[in-house]
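Secondary and tertiary structure notes
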Amino acid sequence: MKILSKNKDIGMSLLHRNDQELRRLEELNELRQHGINPYPPVFEKTHSSVNVLNGFDDNKPEEFAQVSLAGRIMAIRKMGKATFCHIQDDAGRIQVYLKKDDLPEFYEILGNLDIGDIIGVKGHVFRTKTGEVSVYAKEAILLCKSLRVLPIAKEETDENGNKIVYDAFADKELRYRRRYIDLIVNHEVKSVFAKRSKIISGMRRYFEDKGWLEVETPILQPLYGGATARPFTTHHNALDIELYLRIADELYLKRLIVGGYEGVYEFCKNFRNEGMDRSHNPEFTLMEIYIAYKDYMWMMGMVEELISGLCLAVNGTHEVEYDGHKLSFQAPFRRATMHGLIEEAIGENIFGYDRDQLLVVARKNNVEVENNASGMKIFDEIFSQKVEHTLIQPTFVMDYPVEMSPLAKAHRSEPGLVERFELYVAGTELANCFTELNDPIDQRARLEEQARVKAAGDDEAMVVDEDFLYAIEVGMPPTAGLGIGIDRLVMILTGQTSIRDVLFFPQMKPEKQHH
RNA sequence: GACCCCGUAGCUCAGUGGUAGAGCAUUUGACUUUUAAUCAAAGGGCCGAUGGUUCGAGACCAUCCGGGGUCACCA
């Protein structure tokens, strides 16, 4: 490893730098020796790359006689006393023309600039001989010297206008660990996150327009509840108590409905101490909303309107390509009962079957179940193995068995069921809703049953939250509650099949070794 | 947690037990409208880590680390 003797004072961290990075440090020193500040404080921009590219009219070049742009150098083509480079800003890329005659001082330091450095240019816009709208720089200034090498990909546009990328930065591990580089060099990544932002803001606007209240509830909770999942545990030193990172905010939002709000929602970061895969990250975002005096049927209509509207807003169409499927979010979505869908799949209505009967059905239909599985578990397996993967187009699955839903209200006409739906798309669950259970006697009985299940060894079962029960005893109006998995919604509306591609910084195992 | 695949230059990748390779990027030189710019030359490697087999290992074996995928659990 080469060590720059004159840079000895910069520190040990430099020992791991490669030749290109050491060269950049030398360039930085040279720039400073020439009296150039490689990190000036401000730059006044008048235009973005896309402003210029979209706005330039060959018949009215005077409209762009004075522009000022800044961006990161992504390509340089030096031809002696003239240089072309592409700079990239938030909006896109534009070519800049730098001529020695016009920029004698800047041209001196051009050799000390690299791909990755950020520059600002002032000048006029013109179209080159080869037809590209470009900025003719009359002034140029270095705004930031980059000390690391970007994994730069070359791009070419073929005669059909298709973009060909050569040797794109593709190593998924590096892309996730150094997302800032991914964002710089893989421009489609930015568009996914732009859509994510649009989905969330669109949802927020929809709720705001209805007059519902956005709230915040505790992330650190003395008891966790509202879902069946294992929590993360932490410790508060001053109080000397165990606290849990929330697995859901349901029980807090219902307390607010008890408190008199008639519509509350939260974009809720949840934490579940479970496995990770391409649809699960330990922390994820769930939007939960509770509306008083409404039921799950009403909520179905709202979900349809909301999601079809979001799809249109983000993609300009109700159709989306996902994992080889063409999905349509044109309302209305299909509605079917859970038992109806099972009957459709296996040709038998298993409503009211006991454990032994369900086991026979499972065996007959090649549904794998563990030997000690409960009746409910077998039922669940039949649904997930025979039905779930067939639910490609948006489908509301309605009316779940009461044992699977300890916080949902008993069905108004079907004993043994609750008023609940889940929205399935592309074989996975996107939203979950019930008419909320507000009968305090029933709610207590259901949570106590959960406590029994937990005592029997199911560590995902819910715990009894006495304060929540107290609130329900004070009295909660009839209420509909809904949760939408935001990460999954973003995945589907942006065509991404891995949750890691809709999170800026997905959870990764720590690296043991230095680079 | 189980199984399968992967880890070689800054990036993308070849490398069939016998001297460590290519393209881009970098450096030097030429070039005042180029665009994967071009032309000429050069530098750059703990081959993920540790052990083993072998006269000889980037390659074969074992273990570990990291990643991807499938499954299980879940949203």
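My aim in this report is to walk through the structure given alongside it, one point at a time.

On to the protein's contact with RNA strand B. Among the 56 residues in the neighbourhood of RNA strand B, the closest are listed as Thr130, Lys154, His280, Arg488 and Arg500. Take Asn281: an N or O atom from its main chain is 2.8 Å from a base nitrogen of RNA strand B. For the surface near RNA strand B, the secondary-structure elements that each account for two or more residues are helix H1 (19-33), strand S1 (67-79), strand S2 (82-88), strand S3 (93-99), strand S6 (154-157), helix H4 (172-177) and helix H11 (375-386). Tallied by class, the residues present in the surface near RNA strand B amount to 16 nonpolar, 10 polar and 30 charged.

Of note, the bond from Ala331 into Pro332 is cis; its omega dihedral lies within 30 degrees of zero at 0 degrees. You can see Pro332 is positioned in the loop between strand S15 (325-328) and strand S16 (334-337). Residues other than glycine seldom take positive phi values, yet Asp240 does so here, at roughly 50 degrees. Classification of Asp240 as exposed rests on a relative accessible area of 56%.

Contact geometry for helix H6 (residues 187-209) and helix H8 (residues 296-315): axes closest at 10 Å, N-to-C directions at 140 degrees. Here H6 is positioned oblique relative to H8, judged by the angle of their axes. For the crossing formed where H6 meets H8, the hand is right-handed. On H8, the residues touching Lys195, Lys198, Ile199, Gly202, Met203, Tyr206 and Phe207 of H6 are Met302, Glu305, Leu306, Leu310, Ala313, Val314 and Asn315. Here the residues of the contact of H6 with H8 sort into nine nonpolar, two polar and three charged.

So, on to H6. With 23 residues, H6 extends 33 Å between its outermost C-alpha atoms, agreeing within 8% with the 33 Å of an ideal straight helix rising 1.5 Å per residue. Residues Val189, Val192, Phe193, Arg196, Ile199, Ile200, Gly202, Met203, Tyr206 and Phe207 constitute the buried set of H6. The first or second residue beyond H6 is Gly211, which carries a positive phi of 90 degrees.

Procedures and definitions
Residues numbered from 1 in each chain as written. Chains lettered and ligands numbered in written order. Predicted model: local features only at pLDDT ≥ 70, side-chain atom pairs only at ≥ 80, totals over all residues. Heavy atoms only, no water. Near = heavy atom within 4 Å. Polar contact = N/O pair within 3.5 Å; in protein donor to acceptor, adjacent residues only side chain to side chain. Helix = DSSP H or I, 4+ residues; strand = E, 2+ residues; numbered from the N terminus. Nonpolar A, V, L, I, M, F, W, Y, C, P; charged D, E, K, R; others polar. Buried < 20%, exposed > 50% of the residue type's maximum accessible area, 1.4 Å probe, protein only. Axes fitted to C-alpha atoms, helices over the stretch in contact; angles between N-to-C directions. Parallel < 35°, antiparallel > 145°, perpendicular 65-115°, else oblique. Left-handed = near helix turned anticlockwise from the far one by under 90°. Contact = heavy atoms within 4.5 Å. Expected span 1.5 Å × (residues − 1).

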